[in-house]
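# Working through the structure, step by step
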Amino acid sequence: MTRDRRRALLALASLAVIVAGVSFVFWATRPVHHGECLVAYSRVSTIGSKPPTGRELEELAQRLHEEAIAEGRCEPPWPRWRGWVD
């Protein structure tokens, strides 16, 4: 094996380790929800009105979930790594 080929393999291995490390850090710091948090909502509609779209329902659920966290009814999400050290 030539010296240039060894350097290329070493550089490739170093790059792979760096990419794996960055990916792991990104994955470990993503916020995740812990515990149970039930958010219920209802919507009154009239006859002939359009049903809400999926996007509208998702936005409503997200807003209500954030309100529940602010009121202390739900546990806020925290980085994944916190679960490893608790």
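Up top is the structure these notes are about.
The written sequence of each chain sets the order in which its residues are numbered from 1. Local features are withheld for residues below a pLDDT of 70 in this predicted model, meaning they are given only at 70 or higher, and side-chain atom pairs are given and counted only at 80 or more; totals for whole chains, interfaces and linings count all residues. Only heavy atoms go into the side-chain values, all of them from the structure, while hydrogens and water stay out.

What follows concerns the overall build of the protein. Helical segments are the DSSP runs of H or I of at least four residues, strand segments are the runs of E of at least two, and each set is numbered from the N terminus. Helix and strand counts for the protein stand at three helices and two strands. The order of α-helices and β-strands along the protein, N terminus first, is α-β-α-β-α. Here the C-alpha radius of gyration of the protein, 23 Å, is well above what a compact globule of 86 residues would show, namely 12 Å. Across its three principal directions, the C-alpha atoms of the protein cover 80 × 40 × 15 Å. The proportion of buried residues among the 86 residues of the protein is 9%. Exposure was quantified through the Shrake-Rupley algorithm and a 1.4 Å probe, taking into account, for residues, occlusion by the shown protein chains and nothing else. Entry remark: accessible area of the protein is about 7600 Å², with carbon and sulfur atoms responsible for 60%. To get the radius of gyration, use the C-alpha atoms; to get the globule rule, take the number of residues to the power 0.38 and multiply by 2.2 Å. Under the scheme applied here, a residue whose accessible area is under 20% of the maximum for its type counts as buried, over 50% as exposed, and between as partly exposed, the area being computed with a 1.4 Å probe on protein chains only.

Here the focus is helix H2 (residues 54-71). Across its 18 residues, H2 extends 26 Å between first and last C-alpha, which sits within 8% of the 26 Å expected from 1.5 Å per residue. In the segment just after H2, Gly 72 is the residue with positive phi, at about 85°. In this scheme, a helix's expected span is set at 1.5 Å multiplied by one less than its residue total.

With that settled, the discussion passes to the pattern of salt bridges. Here, a salt bridge means any side-chain nitrogen of Lys or Arg that lies within 4 Å of a carboxyl oxygen of Asp or Glu. Under the definition given, this model contains three salt bridges. The salt bridge partner of Glu 67 is Arg 63, with a shortest N-O separation of 3.9 Å. Of the two residues, Glu 67 and Arg 63 are both situated in helix H2; the distance of four residues between them amounts to about one turn of the helix. For Arg 63, a relative accessible area of 46% translates into the label partly exposed. A salt bridge links Arg 73 to Glu 71, with the shortest nitrogen-to-oxygen separation between them at 2.8 Å. The pair formed by Arg 73 and Glu 71 is uniform in burial state, with each residue classed as exposed.

The description of an aromatic ring pair uses the distance of the two centres, along with the angle that the planes make with each other. Only Phe, Tyr and Trp rings take part, Trp by its six-membered ring, and two of them pair if their centres are within 6.5 Å. Stacked means planes under 30 degrees apart, edge-to-face means over 60, and tilted covers everything else. Inspection of every chain in the model, using the stated rule, returns one aromatic pair. Ring geometry for Phe 24 and Trp 27: centres 6.1 Å apart, planes at 40°, overall tilted. You can see Phe 24 and its partner Trp 27 sitting in helix H1 (residues 3-28), three residues apart, about one turn around the helix.

Here we come to the environment of Tyr 41. By the secondary structure assignment, Tyr 41 is in the loop between strand E1 (31-32) and H2. With 26 residues separating them in the primary sequence, Tyr 41 and Leu 15 have C-alpha atoms 48 Å apart. Discounting residues that sit within four places of it in the chain, Tyr 41 has contacts with Leu 57, Leu 60, Ala 61 and Leu 64. We call two residues in contact whenever any of their non-hydrogen atoms come within 4.5 Å of each other.

When you line up the elements, Asp 4 lands in helix H1. Separated by 41 residues in sequence, Asp 4 and Ser 45 have C-alpha atoms that sit 71 Å apart.

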